[in-house]
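The primary structure of each chain is shown beneath.
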Amino acid sequence: MGSGAAAGSVRTRYLVYFQYLGTDFNGVAAVRGAQRAIGVQNYLEEAAERLNSVVPVKLTISSRTDAGVHALSNAAHLDVQRRSGQPPFSPEVLAKALNTHLRHPAIRVLQAFRVPSDFHARYSATSRTYLYRLATGCPQPDQLSVFEQNRCWALRADSLDVAAMEEAAQHLLGTHDFSAFQSAGSPTTSSVRTLRRASVSPDLPSPFVLPQESRRLRFWSLEFESQSFLYRQVRRMTAVLVAVGLGALTPAQVKMILESRDPLGRHQTRVAPAHGLFLKSVLYGGHGDLATGNPAWAQWDRQPDDFSPETRGPKAGGLE
């Protein structure tokens, strides 16, 4: 912990996990200025104002998501500097206070942890996993349950060639230049990434679909894991894999697209809709996130002097 601007006050850094339905937002990042669009970060920082920090609280988001994209678990770090003589908030109190003052029902803070002052929510992340949900057997948009309409990509086809999609996904695994799957506007200088996992699998039947509709509708999940992703890389990979599943592309063509490194190629106009995409998890230092209670941060919270920088894992950059 470092001393802050006010004499005797202490600045504490927290890692905060939060989730949101992205339908109503212009993405996760804060929208500054007079624009009417609003980001998830705007609401979180508005809630953080009620913490009465000596220095205004700004969130550093781990993973940027576009308008309409959801998050089961995104992450951010923030610094809170309390007045002289006031102890730091416990992580539990901080999370509860943020939820109490959040003014949008589609955002929820999941959990908070105290972290070292040099921790960085974006660059310290060692793994990010995205989930993309598909529905088949939906010839018309109004044939999909209203509870699912902004949570999956509804396809007219009755089925997908999953074996072909899995074969195509194998070409994407490993370390490659993913320029062909990058949208313009990416802030990163290198387009080389290592895709650790790309899976295609049947999903469980939706609980929001009526019994008479469940015979027609089927749901599917695509998952992608990497330390970091290029701008819209997941949505572009998803669109190409869906094209393979529908018979419009072959697995061999996916390899050719990857090797072309051309984001403006004939097949690269495909981008899956934002509303089917979920940021599923962000991991740090090889430790689990909420699913395992993030023991590394819990340990540091109890014994800050024993937490060495070496145990926090390598730094990583890049945003999806």
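Residues numbered from 1 in each chain as written. Predicted model: local features only at pLDDT ≥ 70, side-chain atom pairs only at ≥ 80, totals over all residues. Heavy atoms only, no water.

If you look the protein up in an unreviewed UniProt entry, it shows as tRNA pseudouridine synthase from Equus przewalskii. In its Catalytic activity (unreviewed entry) section, UniProt records this for the protein: "uridine(38/39/40) in tRNA = pseudouridine(38/39/40) in tRNA". (UniProt positions renumbered as here; feature names shortened; annotations may be inferred.)

*Asks:* How should the overall build of the protein be read in this particular structure?
*Replies:* Helix and strand counts for the protein stand at seven helices and eleven strands. For the protein, with 320 residues in total, the buried portion stands at 52%. Intrachain contacts of the protein at a sequence separation of at least 6 include 73% that bridge at least 24 residues. For the protein, the accessible surface area stands at approximately 15,000 Å², while carbon and sulfur atoms represent 50% of it. (Helix = DSSP H or I, 4+ residues; strand = E, 2+ residues; numbered from the N terminus. Buried < 20%, exposed > 50% of the residue type's maximum accessible area, 1.4 Å probe, protein only. Contact = heavy atoms within 4.5 Å. Areas by Shrake-Rupley, 256 points an atom, 1.4 Å probe, with all protein chains shown as cover.)

*Asks:* Just to check I follow, could you spell out the pairing of strand S6 (residues 125–136) for this structure?
*Replies:* When a strand is regular, its side chains alternate between the sheet's two faces. The buried count for S6 comes to twelve of twelve residues, which makes it a mostly enclosed element. Here S6 pairs with strand S11 (residues 277–284) via seven bridges, running antiparallel. What sits directly across from Tyr 132, in S11, is Leu 277. Where S6 lies against strand S7 (residues 153–154), two bridges are found, and the strand directions are parallel. Counterpart to Leu 134 in the pairing with S7 is Trp 153. (Pairing = 2+ DSSP bridges.)

*Asks:* So what exactly am I meant to see when it comes to the side chain of Thr 129 here?
*Replies:* Along the polypeptide, Thr 129 turns up in strand S6. Residue class for Thr 129 comes out buried when judged on its relative accessible area of 5%. Dropping the residues within four chain positions of it, Thr 129 is found in contact with Arg 197, Glu 223, Phe 224, Glu 225, Phe 278, Leu 279, Lys 280 and Ser 281.

*Asks:* Before we go on, may I ask you to explain the pattern of salt bridges in this structure?
*Replies:* Counted under the stated rule, the structure contains twelve salt bridges. The residue Glu 46 makes a salt bridge to Arg 103 at a minimum N-O spacing of 3.2 Å. On the criterion of sequence distance, the pair formed by Glu 46 in helix H1 (residues 40–48) and Arg 103 in the loop between helix H2 (91–101) and strand S5 (107–115) is long-range, its members being 57 residues apart. Classification of Glu 46 by relative accessible area gives partly exposed; the value is 29%. Overlapping salt bridges, with partners in common, bring together Arg 196, Arg 197, Glu 223, Glu 225 and Lys 280 in one network. (Salt bridge = Lys/Arg side-chain N within 4 Å of Asp/Glu carboxyl O.)

*Asks:* Would you take a moment to explain H1 for this structure?
*Replies:* Note on helix geometry: an α-helix contains 3.6 residues per turn, so any two residues three or four positions apart are oriented the same way. Among the nine residues that make up H1, seven are buried, leaving the element largely enclosed by the rest of the structure. For H1, the secondary structure elements touched by its buried residues are strand S2 (10–20), strand S3 (60–61), H2 and S5.

*Asks:* Please clarify how the packing of helix H3 (residues 162–172) against helix H6 (residues 251–260) should be interpreted in this entry.
*Replies:* Helices that pack against each other are described as a pair by the angle of their axes relative to one another and the distance between those axes. Two elements in contact, H3 and H6, have axes whose closest approach is 8 Å; the angle formed by their N-to-C orientations is 25 degrees. Considering the angle they form, H3 stands roughly parallel to H6. When you trace H3 past H6, the crossing you get is right-handed. Contacts between H3 and H6 pair Ala 164, Glu 167, Ala 168, His 171 and Leu 172 from the former with Pro 251, Val 254, Lys 255 and Leu 258 from the latter. Within the contact of H3 with H6, the residues separate by chemical class into six nonpolar, one polar and two charged. (Axes fitted to C-alpha atoms, helices over the stretch in contact; angles between N-to-C directions. Parallel < 35°, antiparallel > 145°, perpendicular 65-115°, else oblique. Left-handed = near helix turned anticlockwise from the far one by under 90°. Nonpolar A, V, L, I, M, F, W, Y, C, P; charged D, E, K, R; others polar.)

*Asks:* Help me understand the nonpolar core, please; the structure alone is not making it clear to me.
*Replies:* Within soluble globular proteins, side chains that are nonpolar generally end up buried alongside one another. Core analysis: the biggest nonpolar cluster contains 78 residues, and Leu 94, Leu 134, Leu 172, Phe 181, Phe 224, Met 237 and Tyr 284 have the highest contact counts within it. The greatest single-element share of this core, amounting to eight residues, is contributed by helix H5 (residues 233–245). Of all hydrophobic cores here, the second largest spans seven residues; its members include Ala 135, Leu 144, Val 209 and Leu 217. (Core = buried A, V, L, I, M, F, W, Y, C linked by side-chain atoms within 4.5 Å.)

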